[in-house]
Each structure stands twice: as C-alpha cells, then as structure tokens.
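# What the coordinates show
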Amino acid sequence: MWVLNALIACAAIGLLAGPVRSLPDFDLGIRIPWWPLALGFLAAERCVVHLHFRRSAHSFSLGDLPLVFGLLFATPLDLVVAGLAGPAVVVLFDRRLPLIKVIFNAAQFCLTTCIAVILFRTLADTVGSFGPAAWLFALIATQAAAVVTLLLICAASSLSEGMIGARALGRMLAMDLAVTATNASLGLAGGVIVAYDARALPLLVVPGVAVLIAYRAYASQRQRHESLKFLYETTRTLSRSPEIVLALEGLLARSVEAFRAEVAEIVLFPAEGNVPLRTTLGPGDVREVMQPVESEIADELRALVDQDGPVTRVTANSGGPRLWRYLEERGVTHGMLAVLPGETRVVGTMLLANRPGVVREFSDQDLRLFETLAANASVALQYDRLEQTVWQLRELQHQLEHQAYHDSLTGLANRILFTDRVEDALGQRIGAIAVLFVDVDDFKTVNDTLGHAVGDQVLVAVAERLRGCVRPSDTVARFGGDEFAILLPKLDGPEDVVVVAERILAAFARRVATGDEAVSVRASVGIATSGPDATRAGDLIRDADVAMYGAKQRGKGRWARFERSMHTAIQRRHGLKEQLQRAVDRRQFAVEYQPIAQLGTGVVVAAEALVRWNHPERGLVAPGEFIPLAEETGLIVAIGEFVLDAACQRAHDAHDQAGRGRRLSMHVNLSAVELQHVDVLERVTSTLRRHSLAPDQLVLEITESVLVDAQMSATLRDLHEAGVRLALDDFGTGYSSLSYLRSFPLDILKIAKPFVDGIADGREERSFVRLIVELAKTLGLDVVAEGIESAGQLEVLRELGCDLGQGFYLSPPLTATLEERVRVERTSSTDAEARDTGRYGSKELYDSGRREAGTQR
C-alpha cells in the first residue's frame, strides 16, 4: 500500500509540475478563487453516502459539482488546492482515518483532478467557446476522473484484502458512472446559470438535495436488501449444517463478512454446571473451536446483555477487570454483544467486534440486524441439538483428557500422571512415600513365543493383580512395555512397602490364564523411599528403577531396596557404554577359538569363535560383562562384523596349515540385533568371498527366540540357501515349539550346558540329553554338547551316542594355532582342570563368560 501511495503521489506531482502548470485558462470572464471551491468540497464531503464492500467503503457525494465549477471557472492550481483543502478538514478532524488512507485519498484526488483538468482543457481548446461541446468535454473529464478513482480504490482493496472479481468491479463501475453523470450534469447546469445569470443559482438547491436524498434512499434500500439476503442465507446454512461445529463456524464467517468485523465469537452455556465453550474466528488467521472458558467470564458477558437488553455495544472497558483482560486478550476494542435465547434459558452469547474502514462504529441499524441474527441463529441451531452436541463435546474432551493421562491397554495411569502424583505427594510433606518399580521378567519371550495378543492379555492380568495388591488411595501406573510403577503415599512405617512388595511377588506366583494356555509370570520389584530432603519425583522414580535392575541382577523374581551403591553401579554402567564405544572405534577386541571335537577320536572338526574385550586397563574382559550392553546400544553389529571377519580369516589360515584336504568349520554366534539389519546377508557372503571360504565352512549359531520372528527367520532362510549352515544354540532352554526343528532348515543342535552339567550324576538330565540326541538323529541333525568339564560327563555323552562336543575339559578357548586333536581319555576332572589351568591360563575368565546369558554373542 505504501508503494502504491508513493506511485500515485509521484504521478500526481509529475502532472502538476508539468502539463498542468502550462495549460491555458478556460476564460469565461468569471474567476472563482480556491477557497469558495474548498468550501464546496467541504460541504460535499459532509454529505456522503457510503456503499460498503468487504472491509472498505466506496463513497458517493456531491463532490463532482465543485469539480465541474473548478474546471469552468478556476485555474488548475486553485482547483487542486481547493480539492485538497476541503476534504482534508473532514478527514483529519472527523473520520480520523489511518495515515496510510489519508495519504491515499489525497494522492488519488490530486492525480484524478490533474487528469480531469488536462483532459478538459485539451478538448476545450478545440472549440474555443462555452457551448454544448464544452459541456460534453466537462462531462467526459469528470467521468474519466471517476473511472481512475474507482480503479485506484480497487487496486488498494486488492492489495490489502485480495483480488476483486470482474463482476463486482463491473457493478461498482456502472454505479459510479451513473452517479458521476448525474452530479456532473447538475454542476454543468449550475455553470451555465453562473455564466449567464447567477441569480438563478439557488434553483439548483432543490434538485441537489433531491439527488442526495435519492442516494441515501438507494444505499439504505440496498443495505436492507443485503441484510435480508444475509439473514436468509445464514438461517438456511445453519439449519442444513450436519454438525454443530460446522454450523457455528459458518455463522461466524458470514457474520464477519456481513458486518465487516474482524472478530466473531460465540460462547455457549451448557447445562448441568459444565464449563462454557468458546468458538472464535479472527483476528487474522485465529480460529478456535469449542475451547473452555472461565465460568466467571461467561457470567459477565451474560450480565452485560441482561442489563442493556438482548443486544448491546461493547468496548474494551465493558464489565469488570476480569472481562477487561479477556477482551484485551481477544484484541477487542469495540463491538456488539447479543444473547442466543433458548426455550427456557440463555443458551449463549455472540460477539462481533473491531470494524475497520471509513465507518468504524456499529450503527443502530447494525444492532437491530444483529439482534435479529442472534434470534434466528438460536432457532436454527435448535436448542436441544445444541445442548446435546455440547454435552457430547464435553464427553469427548473428558475422554481425550483421560487418554492423555492413562494407558490405553490397561487403563492404568501413565508416566505423566504418575509423575504428577509423586510430585504432589512430595509437595504435601505428610510422612514418607514410596515408589515401587515393577518389571515383568522375560516378557519378551512371551511375545516372541506366544504372540503379542497373548502378551497383551498377560499385561492386562498383571495390571489387575497390581491393583489388588494396593490400597484405593495408591496409584498404579504403566510406563510402557512391561514396566509398571506404584506410588504408596503416607506410609505408616518403613516396612509397609516391603509388605506390599511381598504381596506383589505372591500374586505373580499364580499362572496367568490366556485363552487355552496358562503362562508363568514372574516380576522384579525395585523400592525407593523418600527421605527428608526428597523434592523431585524424577529422582525417586529413577532410584526405584535402579533398584529393580538390582533385583534382576540378583536372580529375578525378587525385590530390592535402593542403595547408593546401586546408583554408583548405574553410573559405572554408563561409563562402560562410553568405553565400549571407544573400543569399537579402536577395534580393541580379541577373538579366541574353542575347538569342537569328535568325542570318540578327539579329532577337531570345528571351532567356535568367542570375543573378548581387550581393555587397555583391565585386560581381557569376559563377554558376559559387555555383550548385553553392546546389544542394548546396537554396538553388537560392529563387534559381530569384527568377529566374523576374524573367524573367517582364522578358518582360511587353519585350512592352509592343515593341508591334506582337511577343512575346519567355524562357528560364529549371530545375535537378534544383527539379524534385524537388512545388510546381514550381503555382509556374510562378502566376508566369505573376501577370505576365499566355502559357505558350508561357516556355521552361524542362533537362539530359539529368533525363529519365531518372521523377518529374522526369513533372513536366516536366505543365509541357508546361500550355503551357510545353521546351528540352534542352547537347545532346550527356550520356549519355541519343536515344529521349528522340522520346518526350519537347521543343521546342528547344541545341547545347553545346564543339561550337560548334571548328566554324570542325575538320571533326569541324562534322559533329557538322550532324548535330544535321538531326536536330532531322527531329523538328520548333528549334535554338539556344550560345557564338557569332566571326564565323567565325556564318558556319559559317548555312551548316549553324542558325536561332537566342546568344553573346558577338552580344550579351553585358544588364541594360538588350533590343535588337530584334543584329549578324550578318561581322567580325573580335578587333575585335568589343574593341568589345563596351568597350560591355558585363566579358567575363571572362561567360566564367567559361560555362566552369563548370551556369553558367546
């Protein structure tokens, strides 16, 4: 707009300083100075008829009369000065328009006056006398000025409010030409009278007043027609709208357009003490639908209309201080407020505020139309429909609030609500409080083996049991997955929380019924109690979580109370993560190889690659200490790639050293985390090619849990099709169905060490191992017994028909060249272990790795 103003002003100044100054006078022998013309423009601008469109107004007045007189009887400069001086008084001291509009009006009037003067004087010079031709030229000049004025107004409106359609522009142009022709004709009649006999000039007063009255009557009739059309269309839209929200938004949008307001708002007053709801449109792009409003604000709005009638004017200072702040937040400076009457009570209020443009105040006629609109809107919205919809919206709001603070599966509180309640309990400082962190042990196995649907049933059952273990005033929450938390406020004594923990463990002793099956579920519980200086909920919940991990490390299925040493252990674990990341970056790992031999002959036929962390300060770190952490952080992928590369290289070297066509198979453990990577097939095959190793020389050891995952099992099938052999590690310790042995392309079964430990003395373990061996032979699978640590175990395995084995008795993990044979003679286990310990080094390092879950990963 400022650029447009500058262009118009520059054009006006250029015409005024150039062509206008050099124009000859139109000499009729009569000269009118600038100030009578200024008074004429002032009088014309005091009697203006406004036709509104959008947020602006196109004004009609008798201003063309002094313009025609100026063309005939004044110099060009006097005419421009008079046209600027007269309206300026009205603009500056009456309408109080913004500066940008004042400059626009002044610049466009100066430009159009210059155009009219240039056009009239240029054409008038061709006739040289005051006659019908000169009258026609004056009429043409005023019409040209009117057209330019209209185009400039449309340009300004298009810049500020959007493009004006051709149809609307055509209607405005036709009206403007008709009004200009009428006014110019009156002015020419007055000019003829002045030129020949000025005493007849008062005769123009009556037709001038009649024209002005006709303008006003037309504008009033047109506005009445637009009002009726607006009411009809609004009522029809409201009655046909399928949803109350759409109906309210449509009503506000039409009201903003019809009343040329910037803000429209409806506040609904629901019954039964619910919170009032507000729907707002404007200012700008603001749009709010069914937002809660303070009841006090709604009461003050209702009081305004109760006091002044069904409709009243509103200012920024209406009502009390609370309402002032509310109106200020909405940006309301002036407006109208009406009630939405119902059958038995007031349903709500409707507000229209902030009218921009030339005429800003809402007139009495606007108030009457607004009152009619509010009454019609109440009927169209239908009282019962409105009440029902508001109730449904409130119910929906309650549901959304409940979902925001509760777990959708179990209905328990979620982490956000639980944390808030712990904060509140700490803030009250009424006795000690306790937080219990409950984690379901081995829940991933339930999901992997029985499916997520059964897992969800287990979680729901767990939630019900936890509810039954606490008081109604306590809070039970689900943090996600298989993690739960319990808040115990107002403890009577420090041992109360232990009673609750024991009650929880007892509740978990019962199996959970899930359809046709019953699942055994255990839990680990961490306890943290607030001290005198406890102020933060997050610290208390963290301590309970740390204690829960302490319970798991002590064997699961038990409770543990938080101790400061646990927090130190967590910090040490965090430091271990950073050290492990550096170890991966610097490849600080070593690989040892445990031979797998034929139990009858002692001939080594394979080896299992076992990774060790070569810590720069602690020396060799057993895998049980860092492998779970590596899987948790995803570093196992890089570690597994290192082990695979080293193992394939060692298998290639062993083949070259052995010669005579003897091939050594290499067993490498593959974790579930590695299988989840899409490039595992390409990584394995490329490593085999790089080391010139046949695919069937590589044996990938997996656990039973990966077989139940469709994506991972598909990857394993692809690996098997590529020639790689698959071994099922720790067979008998998982939950997978025996059907996987028949349907999945396995090559080797590895008997878990816990079964081998008891076969020398235990009949049950011996029977179980015999069953595994016979099953494997029936399916055509090789069998490897793990963890052979005594001559007695070796002898029993040979009797049971187990062909292959590995263990400390045969040979611990080696870093040097693999031996071709291992010892298989019957010897005292104590003597053998003593000799092996002296020869091969630390047995504890090997044992600690074997005892931890996933030690060979």
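Residues numbered from 1 in each chain as written. Predicted model: local features only at pLDDT ≥ 70, side-chain atom pairs only at ≥ 80, totals over all residues. Heavy atoms only, no water.

### Structural notes on the overall build of the chain
Just so we agree on the cut-off: Secondary structure counts use DSSP, requiring at least four H or I residues in a row for a helix and at least two E residues in a row for a strand, with both numbered from the N terminus. Residue contacts follow a heavy-atom distance rule, with two residues in contact if any of their heavy atoms lie within 4.5 Å.
A count of helical and extended segments in the chain gives 30 helices and 24 strands. Of the contacts made within the chain by residues no fewer than 6 positions apart, 69% connect residues no fewer than 24 positions apart.

### Here's the deal with helix H16 (residues 452-468)
This is how it is decided: Here the expected length of a helix is defined as 1.5 Å per residue gap, with one fewer gap than residues. With a 1.4 Å probe rolled over the protein chains alone, any residue whose accessible area is under 20% of its type maximum counts as buried; one over 50% counts as exposed, and the rest are partly exposed.
Between its first and last C-alpha, H16 extends 24 Å over 17 residues, near the 24 Å set by a 1.5 Å rise per residue. Taken together, the buried positions of H16 are Val454, Gly455, Val458, Leu459, Ala461, Val462, Ala463, Arg465 and Leu466.

### Concerning the sheet that holds strand S10 (residues 475-480)
To keep it simple, the criterion reads: When DSSP finds two or more bridges between a pair of strands, those strands are recorded as paired. A fitted line through C-alpha atoms represents every axis, and for helices the fit uses only the stretch in contact; the resulting angles, taken between N-to-C directions, go from 0 to 180 degrees.
If you trace the five strands from one edge of the open sheet to the other, you get S10-S11-S9-S14-S15, paired in mixed fashion. The open sheet has two free edges, formed respectively by S10 and strand S15 (559-561), since each of these has just one partner strand. Neighbour-to-neighbour, the strand axes of this sheet turn through a mean angle of 20°, independent of strand direction. Strand direction decides the pairing type here: strand S9 (residues 434-440) and strand S11 (residues 483-488), joined by six bridges, are antiparallel.

### Some details on the sheet that holds strand S8 (residues 346-353)
One open sheet holds the six strands; their spatial order is S5-S4-S3-S8-S7-S6, and the pairing between them is antiparallel. Looking at which strands have only one partner, the edges of the open sheet turn out to be strand S5 (287-292) and strand S6 (311-315). Along the sheet, successive strands turn relative to each other by an average axial angle of 20°, direction set aside. Here strand S7 (residues 334-341) pairs with S8 via seven bridges, running antiparallel. Opposite Leu340, over in S8, you have Gly348 as the bridge partner. Across the sheet, helix H11 (residues 321-330) touches strand S3 (263-268), strand S4 (277-281), S5, S6 and S8, and the angle it forms with S3 is around 135°.

### Overview of the nonpolar core
A general feature of soluble globular proteins is that nonpolar side chains tend to end up buried together. Note the following rule: Take the buried Ala, Val, Leu, Ile, Met, Phe, Trp, Tyr and Cys residues and link them wherever side-chain atoms come within 4.5 Å; each set so joined is a nonpolar core.
In this structure, Leu580, Phe589, Val668, Leu716, Ile788 and Leu797 are the most contacted members of the largest nonpolar core, which totals 71 residues. The element best represented in this core is helix H21 (residues 636-658), accounting for nine residues. Not counting residues up to four positions away in its chain, the partners in contact with Val668 are Ala609, Val643, Leu644, Ala647, Leu698, Val699, Leu700 and Glu701. Membership of the second largest hydrophobic core comes to 35 residues, among which are Val470, Val500, Val512 and Ile527.

### A few points about unusual backbone geometry
The backbone of Asp442 sits at a positive phi, close to 55°, despite the residue not being glycine. Take Asp442: it is sitting in the loop between S9 and helix H15 (443-450). For Asp442, a relative accessible area of 39% corresponds to the partly exposed category. Backbone geometry at Lys556 places phi at a positive 65°, although glycine is not the residue there. You can see Lys556 is positioned in the loop between helix H18 (537-553) and S15. Residue classification places Lys556 among the partly exposed positions, given a relative accessible area of 27%.

### Description of the pairing of strand S14 (residues 523-529)
Burial analysis of S14 places six of its seven residues in the buried class, the great majority of the element. Direction of pairing for S9 relative to S14: antiparallel, over a ladder of seven bridges. Looking across to S14, one finds that Val438 is bridged to Val525. Sheet topology places S14 next to S15; three bridges connect them, and they run parallel. Paired with Val525 across the bridge in S15 is Trp559.

### Quick notes on the environment of Glu296
Among the secondary structure elements, Glu296 is positioned in helix H10 (residues 295-308). According to the relative accessible area criterion, Glu296 is partly exposed, its value standing at 40%.

### Concerning the pattern of salt bridges
Put simply, the rule reads: Note on definitions: salt bridges are taken to be side-chain nitrogens of Lys or Arg within 4 Å of carboxyl oxygens of Asp or Glu.
Here the structure, examined in full by the defined rule, presents 25 salt bridges. Note that Arg278 and Glu265 form a salt bridge whose closest N and O atoms lie 3.9 Å from each other. Taken as a pair, Arg278 in strand S4 and Glu265 in strand S3 lie far apart in primary sequence, 13 residues in all. Of the residues examined, Arg278 reaches a relative accessible area of 8% and is grouped as buried. Under the relative-accessibility criterion, Glu265 is labelled buried at 2%. Asp299 is the partner of Arg302 in a salt bridge, and the nearest nitrogen-oxygen pair spans 3.2 Å. Here Asp299 and Arg302 lie together in helix H10, a separation of three residues that amounts to about one turn. With a relative accessible area of 25%, Arg302 lands in the partly exposed category. Residue Asp299 is classed as partly exposed on the basis of its relative accessible area, which comes to 40%. Within this structure, Glu265, Arg278, Glu288 and Arg330 form a network of salt bridges that share partners.

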